[in-house]
Amino acid sequence: VGHTALLKCGLSHAQGNLSHVDWFSVHKEKRMLIFRVRQGQGQSEPGEYHNRLSLQDKGTTLVLTGITPHDDRIFTCQGKRRAQEHRIRLRVYKAPEEPSIQVNTLGISVNSKEPVEVATCVGRNGYPVPQVTWYKNGQSLKEEKNRVHIQSSQTEESSGLFTLRSVLQAQVSKEDKDLSYRLPSGNHMKESKEVTVPVFYPAERVWLEVEPEGMLKEGDRVEIRCLADGNPQPHFSIIKQNLNTREMEEERTDDNGVLGDQAGARGNPTRPVLPDPTAAPPDVSDVRVSPAAPESQEGSSLTLNCEAESNQDLQFQWLREKTGKLLAKGQVLQLHSLKREEGGGYRCLASVPSVPGLNRSQLVNVAIFGPPWMASREKKMWVKENSELNLSCEASGHPRPSIVWSVHGTASEQDQEPQNVLSVLNVLVTPELLETGAECVASNSLGRNTTIIFLELVHFMSSTPDSNRTTNLSTSTISPPARANGTSTEKKLTEPESKGVVIVAVTVCVLVLALLGAVLYFFYKKGKLPCGRSGKQEITLPPSRKSEFVVEVKSDKLPEEMGLLQGSSGDKRAPGDQGEKYIDLRH
């Protein structure tokens, strides 16, 4: 189709003169003249072949262009003698387009008693009528009574091409679930894509899968998956035994038959993942430390023992509760030359090395006998008058100390450790409280200790460097407080003493300034100050004071009026002296 056909006339020169030939087409036994050759010249007759025919090879070959399916017929050439005739059979073909195949998406049940539609194939625009062959896994399918049936229908298009529709019906079995169907290719043919037909069949086998595999510990996340070989997947129910009632209970699963659970939480589903299905799950329980409430004197030694129950081999570790630091491995912890700071929490950790993360622990508090110990002997706080304030006081000791305050307020205690106590007192800042301060007293059967809290008012101070004025809130740095349980070399001044020192310092400064003024006035009266007009004198500043101000004082008084400023030695004015003098106004 679409190409050019060469129709060669088989008449020989002996049989007739090719310079006089008529060409005919025969369709449905009807003969029609389509081309004439006279004296070696060709002429096309009106009709469907007009302008499609021409001569070639000195008139022995008729050329037909633009082949269509309608040209599939017999052509004849006839010489001058009508008894001489040669017949030519022209066959036309066109490969169909790539077939489209549609599978039965609803699926086919193996329980069907009659052939059911498996797939439909459509081949378009082929010539002659396309032939369809169905293949299943590479093997051609043929009609088989009550098993395979192929039904085909064809449609002729206006172009003369044909469209074929083929429907495959068959009975399927469970083995057909992975089989594929297609149409093959061949000479002038097209092959369809391969399709797989969904086959439905009941489950014959059901089994369980559990993730993760291997040893589990209580609290682990476990997935129990129920599987079956049916299609489609059935609805699953997982039933397990309640360990408390010994009754079987149905558990809800998701659409994929997966049950999520915690190992050992509610029943037996964790058992199948153990190496030995009859063995109990690994566990650690009943971690004990002896002595349960250890006490010791400062400077002595103490031994702690740890035990636990398990059906697996255990590993023991000792940790400091405050820091998490590993102190020792093994069931026994030895503490020597105990200090007060070594009191507090110690944790024994029992774990199963073969099951990572499976462990249990027990905390024990070691008490060191001693009187109350406090963080500081004295504290200073900056406050505002008539405001509420929280005063805190912390003490530790064994037996556990109690705390009382010397002032009234709302007190609350916070337990931090068995031997530690923190007391918080809410008070109103009054003039009486500013004057007396507050004292907290911690005591137990072995002694007492105190912390004094001094209160200072926050005040404002102003400074006026040059012409700029700024007002700042005064800030003070508090020295580290003296330890309440040791010796402090720092000398602290009370509030009245510090005020007296300031008054004394101011008085001394005033006296020194008055004395300096009297001395300067004495030398001025005696004429010892070189302030006459007998020459310019400049006081040389040391390098460190070059930036200070020097003021030049000029006088337009007569020389005789300046006599009082001249020295008693009668110094003469130097030549060029204009009477200016420099007075250093340094402070």
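Residues numbered from 1 in each chain as written. Predicted model: local features only at pLDDT ≥ 70, side-chain atom pairs only at ≥ 80, totals over all residues. Heavy atoms only, no water.

## Thoughts on the environment of arginine 205
For step 1, the next point in the chain: Relative to the helices and strands, arginine 205 resides in the loop between strand E18 (199–200) and strand E19 (206–211).
For step 2, the next point in the chain: Along the sequence, arginine 205 and aspartate 229 sit 24 residues apart, while their C-alpha atoms lie 5.9 Å from each other.
For step 3, the next point in the chain: With residues near it in sequence (within four places) discarded, arginine 205 still touches Leu227, Ala228 and Asp229. (Helix = DSSP H or I, 4+ residues; strand = E, 2+ residues; numbered from the N terminus. Contact = heavy atoms within 4.5 Å.)

## Some words on unusual backbone geometry
For step 1, the next point in the chain: Of note, the amide linkage connecting asparagine 231 to proline 232 takes the cis form, showing an omega dihedral of 0°.
For step 2, the next point in the chain: With respect to the secondary-structure elements, proline 232 resides in the loop between strand E20 (221–228) and strand E21 (238–241).
For step 3, the next point in the chain: In this model, serine 290 is joined to proline 291 through a cis peptide bond whose omega is -5°.
For step 4, the next point in the chain: With respect to the helices, strands and loops of the structure, proline 291 is situated in the loop between strand E24 (284–290) and strand E25 (295–297).
For step 5, the next point in the chain: Even without being a glycine, asparagine 125 presents a positive backbone phi close to 55°.
For step 6, the next point in the chain: Along the chain, asparagine 125 turns up in strand E11 (residues 116–126).

## A few points about the environment of arginine 320
For step 1, the next point in the chain: Within the element layout of this structure, arginine 320 appears in strand E27 (residues 315–320).
For step 2, the next point in the chain: Distance from arginine 320 to cysteine 348, taken between C-alpha atoms, is 9.1 Å for residues 28 residues apart in sequence.
For step 3, the next point in the chain: In this structure the side chain of arginine 320 is engaged in a polar contact, spanning 3.3 Å, whose partner is the backbone oxygen of glutamate 341. (Polar contact = N/O pair within 3.5 Å; in protein donor to acceptor, adjacent residues only side chain to side chain.)

## A closer look at the environment of asparagine 51
For step 1, the next point in the chain: Looking at the element boundaries, asparagine 51 is found in the loop between strand E4 (41–44) and strand E5 (53–56).
For step 2, the next point in the chain: Residues asparagine 51 and threonine 65 lie 14 residues apart in sequence; the distance between their C-alpha atoms is 9.0 Å.
For step 3, the next point in the chain: Among the polar contacts made by the side chain of asparagine 51, one reaches the side chain of histidine 50 at a distance of 3.4 Å.

## Notes on the sheet that holds strand E34 (residues 402–405)
Two modes of strand pairing occur in sheets, parallel and antiparallel, and in both the strands are linked by backbone hydrogen bonds.
For step 1, the next point in the chain: Taking strand neighbours across the sheet as the criterion, the 4 strands line up as E32-E38-E37-E34 in an open arrangement whose pairing is mixed. Because the sheet does not close on itself, it has two edges, and the strands there are strand E32 (378–383) and E34. In this sheet, neighbouring strand axes are inclined to one another by 20° on average, regardless of whether the strands run parallel or antiparallel.
For step 2, the next point in the chain: Judged from the 4 bridges that link them, E34 and strand E37 (residues 438–444) form a sheet pairing that is antiparallel. Considered in E37, the bridge of isoleucine 403 is made with alanine 442. (Pairing = 2+ DSSP bridges. Axes fitted to C-alpha atoms, helices over the stretch in contact; angles between N-to-C directions.)

## Focus: the side chain of glutamine 171
For step 1, the next point in the chain: Inspection of the secondary structure assignment puts glutamine 171 in the loop between strand E15 (162–170) and strand E16 (180–182).
For step 2, the next point in the chain: Take glutamine 171: its relative accessible area is 16%, and that puts it in the buried class.
For step 3, the next point in the chain: In this structure the side chain of glutamine 171 is engaged in a polar contact, spanning 3.2 Å, whose partner is the backbone oxygen of serine 112.
For step 4, the next point in the chain: Within polar-contact distance, the side chain of glutamine 171 engages the backbone oxygen of lysine 113 at 2.5 Å.
For step 5, the next point in the chain: Residues in contact with glutamine 171, not counting those within four places in the same chain, are Ser112, Lys113, Glu114, Pro115, Asn146, Arg147 and Asp176. (Buried < 20%, exposed > 50% of the residue type's maximum accessible area, 1.4 Å probe, protein only.)

## Re the pairing of strand E3 (residues 30–38)
For step 1, the next point in the chain: As paired elements, strand E2 (residues 20–27) and E3 share 8 bridges and run antiparallel to each other. Residue valine 21 lies in a different strand from E3, and its bridge partner there is valine 37.
For step 2, the next point in the chain: Note: E3 against E4, 4 bridges, orientation antiparallel. When the sheet's bridge partners are listed, phenylalanine 35 is paired in E4 with serine 44.
For step 3, the next point in the chain: Counting the residues that bridge the hairpin from E3 to E4 gives 2 residues, and of these glutamine 39 lies at a positive phi of roughly 55°.

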